[in-house]
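Examination of the molecular architecture
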Amino acid sequence: MTEKPKRIALIASKGTLDMAYPPLILATAAIAMDMEAGIFFTFYGLDIINKHKYNYLKVPPLGNPAMPVPMPNILGALPGMTAMATMMMKSWMSKANVASIPKLLDMAREGGVRMIGCQMTMDVMGVKKEDLIDGIEIGGAATFLDFAVDANISLFV
Amino acid sequence: MAEDIKVDSTLDCKGLVCPEPIVKTNIAIKKLQVGQVLVMESTDAGATSDMHSWAKRTGHQLLKEEASGNVLKFYVKKMK
């Protein structure tokens, strides 16, 4: 069969722990469904593939009414609360046996997800190619669009 | 019924959650020959819906599903 594979093109623009999951889960699931998948990591989303940061992504309780243990904003704003919310979230995730971000990145790389780091963001934030995990391609909006224009699904996270 | 399905390979995904069961199933099925049967065991309640969608998209055949306790078993025949 020479049918063209289906394709998903994702933009990861957020650098919080909760927002790192959806693009990686969708991309790895797409590969499992014999689709092609690509993620453009831009702005804060670049932290997801920054090897100095990807183990330390955080969940902000401030302005987040959906925390499993609801926290008034005034408390969420206190020093240490982001670290605490992050610790709680990581403990729930690990109890539910959800794959960690580094593990999902490994799965994505092994499955052949095309991962593009945004050059402009790297310039703005002073991030170098060697700060990023292996297997990342560097490119700009045109690189992503060239991939996304042939996609069946395109999502901005 | 159909207790005579010959199983060629078993994949233990118990304890794993989305997306790992289908990621591992797709890797495991690639190691089989066309016509062989893989059994995937999962405790993920979302696996039933996901395995149906996976089979539909990849073209492999979901022969049978079993549940015992909280363990779900999916019999998948490699079609291509």
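Residues numbered from 1 in each chain as written. Chains lettered and ligands numbered in written order. Predicted model: local features only at pLDDT ≥ 70, side-chain atom pairs only at ≥ 80, totals over all residues.

Points about the overall build of chain B
From N to C terminus, chain B includes 2 helices and 4 strands. Traced from its N-terminal end to its C-terminal end, chain B shows the element sequence β-α-β-α-β-β. Rg of the C-alpha trace for chain B: 11 Å, near the compact-globule value of 12 Å for 80 residues, within the 12% margin. Scored against the burial criterion, the 80 residues of chain B give a buried share of 30%. Here the analysis covers contacts within chain B between residues at least 6 apart in sequence; of these, 63% occur between residues at least 24 apart. (Helix = DSSP H or I, 4+ residues; strand = E, 2+ residues; numbered from the N terminus. Rg over C-alpha atoms; globule rule 2.2 N^0.38 Å. Buried ≥ 20, exposed ≤ 12 C-beta atoms within 10 Å, placed from the backbone. Contact = placed C-beta atoms within 7 Å.)

Some details on unusual backbone geometry
A cis amide bond links cysteine 18 of chain B with the next residue in sequence, proline 19 of chain B, at an omega value of 5 degrees. Positionally, proline 19 of chain B belongs in the loop between β1 (9–13) and α1 (20–30). Positive phi outside glycine occurs at aspartate 34 of chain A, with the angle close to 60 degrees. Note on aspartate 34 of chain A: 16 C-beta atoms within 10 Å, which makes it partly exposed. A positive phi angle, close to 45 degrees, is found at phenylalanine 43 of chain A, a residue other than glycine. In this fold, phenylalanine 43 of chain A is placed in the loop between β2 (36–41) and α2 (73–76). A residue is classified by how many C-beta atoms lie within 10 Å of it, and phenylalanine 43 of chain A, with 16 of them, is partly exposed.

Concerning the confidence of the model for chain B
On average, residues of chain B score 94 in pLDDT, and 96% of them reach the 70 mark or higher. Scored as a complex, the prediction yields pTM 0.92 and ipTM 0.88. (pLDDT = per-residue confidence, 0-100.)

Quick look at the environment of cysteine 18 of chain B
With respect to the helices, strands and loops of the structure, cysteine 18 of chain B is situated in the loop between β1 and α1. Given 17 C-beta atoms within a 10 Å radius, cysteine 18 of chain B is considered partly exposed. With 32 residues separating them in the primary sequence, cysteine 18 of chain B and aspartate 50 of chain B have C-alpha atoms 8.7 Å apart. Discounting residues that sit within four places of it in the chain, cysteine 18 of chain B has contacts with Ile25 of chain A together with Asp44, Gly46 and Asp50 of chain B.

Description of the pairing of strand β4 (residues 71–77) of chain B
All names here are of chain B. Here β4 shows a clear split, with Leu72, Phe74 and Val76 buried on one side and none of Val71, Lys73, Tyr75 and Lys77 buried on the other. Here 6 bridges tie strand β2 (residues 37–42) to β4, and the two strands are oriented antiparallel to one another. Note that in β4 the partner of methionine 40 across the bridge is phenylalanine 74. Pairing geometry for strand β3 (residues 61–68) and β4, over 7 bridges, is antiparallel. Residue pairing in the sheet places leucine 62 in a bridge with valine 76 of β4. Two successive antiparallel strands, β3 and β4, enclose a turn made up of 2 residues, where glycine 69 displays a positive phi of approximately 65 degrees. (Pairing = 2+ DSSP bridges.)

Describing the sheet that holds strand β1 (residues 7–12) of chain A
Residues and elements named next belong to chain A. The strand order across the open sheet formed by 5 strands is β4-β3-β2-β1-β5, and the pairing between neighbours is parallel. Pairing within the sheet leaves two strands with one partner each, and these edge strands are β4 (137–139) and β5 (153–156). The average undirected angle you get between the axes of adjacent strands in this sheet is 20 degrees. When β2 meets strand β3 (residues 114–118), the two strands line up parallel, connected through 4 bridges. Bridging from a neighbouring strand, glycine 38 pairs with arginine 114 of β3. Sheet strands touched by helix α1 (residues 17–32): β1 and β2. Its angle to β1, the strand with the most contacts, is close to 165 degrees. (Axes fitted to C-alpha atoms, helices over the stretch in contact; angles between N-to-C directions.)

A look at the interface of chain A and chain B
The partner chain B presents 12 residues to the 11 residues of chain A that form the contact. Of the residues assigned to the side of chain A that touches chain B, the class counts are 8 nonpolar, 2 polar and 1 charged. (Nonpolar A, V, L, I, M, F, W, Y, C, P; charged D, E, K, R; others polar.)

Digging into the sheet that holds β3 of chain B
In any sheet, the strands associate via hydrogen bonds between backbone groups, in a parallel or an antiparallel arrangement. Residues and elements named next belong to chain B. Across the sheet, 4 strands lie side by side as β1-β2-β4-β3; this open sheet has mixed pairing. The open sheet has two edge strands, β1 and β3, and neither has a second partner. Going across the sheet, the axis of each strand differs from the next one's by a mean of 20 degrees, ignoring polarity. In terms of strand pairing, β1 meets β2 through 5 bridges, oriented parallel. From the neighbouring strand, threonine 10 faces β2, where its bridge partner is valine 39.

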